[in-house]
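# Examination of the molecular architecture
Here is how the chains run, residue by residue.
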Amino acid sequence: MRKYLFIIKTQIMSNLQYVFNIVFSFIGYFILLFILFNLWQYLYSDPNELINGYNMTQMSWYVIITEILWMTLGGRKLCHKISQDVRSGNITYNINKPYSYIGYCLSTHLGDVFVKGLIYIFLGMLTGLLFLGSFPKLTLINILVVLITAILATTISILLIISIGLISFFIEDSGPFYWIYSKIILVLGTIFPIEYFPTIIQKILNFSPVYVVSYGPAKLFVDFSWDKAVSIILAQIIYIIIAYGICYLIYKKGVKKINVNGG
Amino acid sequence: MFMAIIEVKKLSKTFKVKIKDKGLKGSLKSIIKPKYKTVKAVKNISFAVERGEIIAFIGPNGAGKSTTIKMMTSILYPDKGTIRVLGYDPTKDRKKLSYEIGTVFGQKEQLWTHLTPYDNFKFFGAIYDIPEPVVEKKIEELKMLFELDEFINTPVRNLSLGQRIRCEIVASLIHEPKVLFLDEPTIGLDPVVKENIRTLIKRMNKEYKTTIFLTSHDVGDIEKLCKRVIIINDGQLVLDDTMENLKYHYLNKKIVEAKMKERVNLDDEDGITIIKDKGYNLKIEVDTTKRSVADALKLLNPDNIIDINISNIPLEDIISDIYKSKDL
């Protein structure tokens, strides 16, 4: 475990070289929020009106949180990197090191997300306060639980994306698979909460990654309840085990197919 | 005193490579019915390496060197044969073996470019589970040995290629590996830096008794570092001998380069091969088992010679001769 924490620390140290790049990338996030805030203002004739259980402020905070989770994740970059590692044979340089490749990818990417996450949380909260004027009623413990669910959500996302990237062992390009995954998460959990969809789809979404990687932490942030917190954390733990299992199986099967010539 | 720490027996590896017919039609056909061909990258090779040896493992591009190294370092699975590195089977004891071996690939960076060499060394110490005080001591020791003092706190991205390679080697030595695999460590370096790296590798081998398994296309690396050479070509082992024997085998051939006062008309004869004939400048190869050098000089007429140089065949030529003739 110590080595993986050290990998996270090393990645954080490396990423501190890019702090200004991260701050500038926030401009894109800010524009996106601005568009969504205007959309909600258009949809809500009265800010206190409830649509599917959310008032306008809650909807805005929901999007702030899900977008922080989504934008700090950098999923496309991660999937592309793993896919490239597999296709170019670069993965071989990690195989003969005393760590698991999956653990290494997870740790380096968590280190990546950490620096970006801190900056985005600070700037995201500031943007929310400026636009909305208030902060959801949360105790310090509540905030801690939300943070834990956000970390677990990121871990699941990373593991799922690693498993998509590892598909490159069997097919040329895993890009289309990531495209489908990203659109599902974006449309079904990031821009709209699960409650916005028909009951039958809601039932499916409650068992899908959407529930654990984006909806869960954001829902707790805007409408905290201990019942919900327990069910989300439990679901996240189960998902981590499943996602790691998928990664492990794909990797174990794929690594025997490595076909590197040259040198 | 010596014991075999690498044992390779009847090792073979075959790859399945996709093939495609020409043009668009071929591309479409390969989607519906992909065709594959098998490439025998390594064919039934065996050798052993003893502790503390510096071995040159060489061969032309595509000979199977890299595939063999990757099987020895547990990256690839062999189809047939057995490998034991320090008593471990690389296919089964991948993790245990990783603690005992180090790898440096000259064409591949393993250092974190935004961090300093010092932070990188600490990172490698952590992934090999080495306690902090031990890592610190080791860094200090290697810093002196590899003369890193000047740039140990400069981010890797700002180092020259020679400095980076030195750091790559140090990073692979942090966990005190018993065997070090160096894959073209001096590629792209200028002659002075190359010489410096070779000296450091030699010093490291002497200091730590690290067994070094070196692949390189640079004859200088092989000549100056290795006492034994294994040559592989087309997946087969074509030579496994000491450097001394290799040179001795070819010592019976001499190169005579002469600058003449007058034009000499010389033809290939038994034991004499004309390499270059530019009228006044001649370059001939003399096979001393058939003809003495003195005989050859007589043919040239000593009074007619302005300048002369008699030398052994360069190692580079010896090796390329071996590459060309698969049956040595």
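Looking now at the overall build of chain A. Per the secondary structure count, chain A includes eleven helices and zero strands. N-terminal to C-terminal, the α/β element order of chain A is α-α-α-α-α-α-α-α-α-α-α. Taken against the 2.2 N^0.38 rule, which gives 18 Å for 263 residues, the C-alpha radius of gyration of chain A at 19 Å falls within 12% of a compact globule. Counting only residues that meet the buried cut, chain A has 52% of its 263 residues in that class. Summed over all atoms, the accessible surface of chain A reaches about 12,600 Å², with 70% contributed by carbon and sulfur. Averaged over its 18 positive side-chain charges, chain A has a centre that lies 15 Å from the centre of its 10 negative ones.

Let's shift gears to the side chain of E67 of chain A. Residues and elements named next belong to chain A. Within the fold, E67 resides in helix 3 (residues 56–73). The buried charged residue E67 lacks any salt bridge partner; its closest oppositely charged side chain belongs to K116, at an N-O distance of 11 Å. Sequence-distant contacts of E67, defined by excluding residues within four places in its chain, comprise Y29, L32, L36, T72, T190 and I191.

Residue and element names in this part refer to chain B. Judged by pairing direction, the sheet is antiparallel, and its four strands sit side by side in the order 11-12-10-13 without closing on themselves. Unpaired on one side and paired on the other, strand 11 (272–277) and strand 13 (305–312) mark the two borders of the sheet. Along the sheet, successive strands turn relative to each other by an average axial angle of 20°, direction set aside. Direction of pairing for strand 10 (residues 253–260) relative to strand 13: antiparallel, over a ladder of seven bridges. Looking across to strand 13, one finds that V256 is bridged to I310.

Before going further, it helps to examine the pattern of salt bridges. If you walk through the whole model with that rule in mind, you get 30 salt bridges over all chains. Among the salt bridges present, the one from D129 of chain B reaches K3 of chain A, with a minimum N-O distance of 3.2 Å. Residue D129 of chain B is found in the loop between helix 4 (117–127) and helix 5 (132–145), and its partner K3 of chain A is found in helix 1 (residues 2–15); the two belong to separate chains. Across the pair E195 of chain B and R198 of chain B runs a salt bridge whose closest N-O atoms are separated by 3.2 Å. Placement of the pair is E195 of chain B and R198 of chain B together in helix 7 (residues 191–208), with a separation of three residues, close to one helical turn. By relative accessible area, E195 of chain B is classed as partly exposed at 32%. Each of the salt bridges in this network shares a partner with another, and the network as a whole consists of K194, E195, R198, D218, D221 and K224 of chain B.

A separate point is the interface of chain B and chain A. Each partner contributes to the interface: chain B provides 34 residues, whereas chain A provides 29 residues. Carbon and sulfur atoms supply 61% of the area buried between chain B and chain A, which totals about 2,900 Å² over both sides. For chain B, the biggest contributors to the area lost against chain A are I75, W112 and H114 of chain B; these three give 20% of the whole. The tally of links from chain B across to chain A stands at two salt bridges. In this assembly, chain B and chain A are joined by four residue pairs in polar contact (both at pLDDT 80 or more). Contributing elements (two or more residues each) for the side of chain B that touches chain A: strand 1 (4–19), helix 2 (65–72), helix 3 (94–98), strand 5 (101–105) and helix 4 of chain B. Its residues assigned to classes, the side of chain B that touches chain A comprises 14 nonpolar, eight polar and twelve charged.

Attention now moves to the side chain of T10 of chain A. Of note, T10 of chain A is situated in helix 1. Taking relative accessible area as the criterion, T10 of chain A reaches 1% and is therefore assigned buried. A polar side-chain atom of T10 of chain A sits 2.6 Å from the main-chain carbonyl oxygen of F6 of chain A. In this structure T10 of chain A touches W112, L115 and F123 of chain B, once residues within four positions along its chain are discounted.

Now for the packing of aromatic side chains. Counted under the stated rule, the structure contains 31 aromatic pairs over all chains. Ring geometry for F34 of chain A and F131 of chain A: centres 6.2 Å apart, planes at 65°, overall edge-to-face. Of this pair, F34 of chain A sits in helix 2 (residues 19–43) while F131 of chain A is found in helix 6 (residues 101–132), placing the two residues 97 residues apart along the sequence. Ring geometry for F169 of chain A against F170 of chain A: centres 6.3 Å apart, planes inclined by 65°, an arrangement best described as edge-to-face. F169 of chain A sits in the buried class, given a relative accessible area of 11%. In this structure F170 of chain A comes out as partly exposed when scored by relative accessible area, which is 42%. Sitting over the ring of Y280 of chain B, R263 of chain B keeps its end group 5.9 Å from the ring centre.

About the cut-offs
Residues numbered from 1 in each chain as written. Chains lettered and ligands numbered in written order. Predicted model: local features only at pLDDT ≥ 70, side-chain atom pairs only at ≥ 80, totals over all residues. Heavy atoms only, no water. Helix = DSSP H or I, 4+ residues; strand = E, 2+ residues; numbered from the N terminus. Rg over C-alpha atoms; globule rule 2.2 N^0.38 Å. Buried < 20%, exposed > 50% of the residue type's maximum accessible area, 1.4 Å probe, protein only. Areas by Shrake-Rupley, 256 points an atom, 1.4 Å probe, with all protein chains shown as cover. Lys, Arg positive; Asp, Glu negative; His and termini not counted. Charge placed at Lys NZ, Arg CZ, Asp CG, Glu CD. Salt bridge = Lys/Arg side-chain N within 4 Å of Asp/Glu carboxyl O. Contact = heavy atoms within 4.5 Å. Pairing = 2+ DSSP bridges. Axes fitted to C-alpha atoms, helices over the stretch in contact; angles between N-to-C directions. Buried area = accessible area lost by both parts, 1.4 Å probe. Polar contact = N/O pair within 3.5 Å; in protein donor to acceptor, adjacent residues only side chain to side chain. Nonpolar A, V, L, I, M, F, W, Y, C, P; charged D, E, K, R; others polar. Phe/Tyr/Trp six-rings, centres within 6.5 Å; stacked < 30°, edge-to-face > 60°. Lys NZ or Arg CZ within 6 Å of the ring centre and 35° of its normal.

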